[in-house]
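# Coordinate analysis (summary)
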Amino acid sequence: MNRPVIAYLALASAVLGWAISPIFMRVLADEYDPYTQAFLRYGSAAVILVVISSIWFRPGLMEAIRRPKDTIGLALLNTTMQTTWTISLYHTTATTAQLITKTQVVMIIAMSYFLYHEERAVITSPRYIIGTILGFIGVAGILMDDPANSMLPQLNLAALLLLFTSVCWSVYAVWGKHIVRDLHPVPMFTVVAVYTSTAFAINMFLFGEPSTILTGSGNMLAFAAFSAVLPIAIAHCAYHYAQRQLGSAFCISLMLVNPA
């Protein structure tokens, strides 16, 4: 199977994984606080990825470990982004969260235009320009709590957290593409997931309720681990691979379908 086909399949996996991710997270919100939930999901993903990378990507894993400047920085950004994303889902619906975070499309296209010359031909397409304008109009409509009385967007806590998440995600995606130019996406994200899980563990003990891991339902604990497979372990690695082959602007444009 050639690389473009694999890249398209990888992108489709990422679209599906991130489409169902907020649904898993909303279910887990009944059992865990956001900090504990984030640790459980990312910790599970990290364990899976460490096993995979140790068996099939050992040279790449060693290389990723030797590049802490890139991986730790990306992990800290990922921790911030995932924390605000998780907290926001405790205050809004999964669909609304997906739609508001689509503002990341505009930022990623803009950054890709300035940073990656090979993507400029795609970005200057009239369809991108029209789609960007429609995206902004759609987000503004979602933020209107009562359009009959006011046409101004209502920036509540969830909306502000989601908009901040979009900014973080935009930097994360473009930065990630830069790193995977010479580092395989799977071991790269394996190391990022380990660092992210460590940061989440600190957050959990400082702000969460880690005791719920022991006192909670065993089925929910298994569900938390299961929710880490496609939305985190597979989706992040797949998206970084797709970006390397297809470009950041193209990949993020296809992410517009996942709120469906």
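Residues numbered from 1 in each chain as written. Predicted model: local features only at pLDDT ≥ 70, side-chain atom pairs only at ≥ 80, totals over all residues. Heavy atoms only, no water.

### Here we look at the overall build of the protein
When helices and strands are counted, the protein shows 14 helices and 0 strands. For the protein, the α and β elements follow one another from N to C terminus as α-α-α-α-α-α-α-α-α-α-α-α-α-α. Counting across all 260 residues of the protein, residues that qualify as buried make up 50%. Within the structure as shown, the protein displays about 12,200 Å² of accessible surface, and the carbon and sulfur contribution to it stands at 70%. (Helix = DSSP H or I, 4+ residues; strand = E, 2+ residues; numbered from the N terminus. Buried < 20%, exposed > 50% of the residue type's maximum accessible area, 1.4 Å probe, protein only. Areas by Shrake-Rupley, 256 points an atom, 1.4 Å probe, with all protein chains shown as cover.)

### Here we look at the confidence of the model for the protein
Per-residue confidence for the protein averages 81 on the pLDDT scale, and 72% of its residues sit at or above 70. Note that pLDDT drops below 50 for residues 147-153; the model gives that stretch 5 contacts with residues more than four away or on any other chain. (pLDDT = per-residue confidence, 0-100. Contact = heavy atoms within 4.5 Å.)

### Considerations on the side chain of His240
The residue His240 is located in helix H13 (residues 229-246) in this model. Taking the relative accessible area as the measure of exposure, His240 reaches 0% and is therefore buried. In this structure, His240 is in contact with Tyr172, Gly176, Val180, Pro185 and Met188, ignoring residues within four places of it in sequence.

### What about helix H3 (residues 58-65)?
Listing the buried residues of H3 in full gives Gly60, Leu61 and Ala64. Taken down its axis, H3 places every buried residue within 100 degrees of arc, on the same side. In H3, the exposed positions that point more than 90 degrees away from the buried face belong to Arg58 and Pro59. The secondary structure elements touched by the buried residues of H3 are helix H2 (34-56), helix H4 (68-88) and helix H10 (185-207). (Arc of directions from axis to C-beta.)

### Quick look at the environment of Ile213
Tracing the chain through its elements places Ile213 in helix H11 (residues 212-215). Under the relative-accessibility criterion, Ile213 is labelled partly exposed at 21%. C-alpha separation for the pair Ile213 and Tyr32, spaced 181 residues apart in sequence, amounts to 8.1 Å. Those residues in contact with Ile213 that sit more than four places away from it in its chain are Tyr32, Thr36, Phe39, Leu40, Met204 and Leu221.

### Things to note about a nonpolar patch on the surface
Together, Val47, Val51, Ile55 and Trp56 give the surface a local cluster of nonpolar side chains, amounting to about 460 Å² of exposed area. For Val51, a relative accessible area of 46% translates into the label partly exposed. (Patch = residues over 30% accessible without salt bridge, like charges linked within 9 Å, V, L, I, M, F, W, Y side chains within 5 Å. Salt bridge = Lys/Arg side-chain N within 4 Å of Asp/Glu carboxyl O.)

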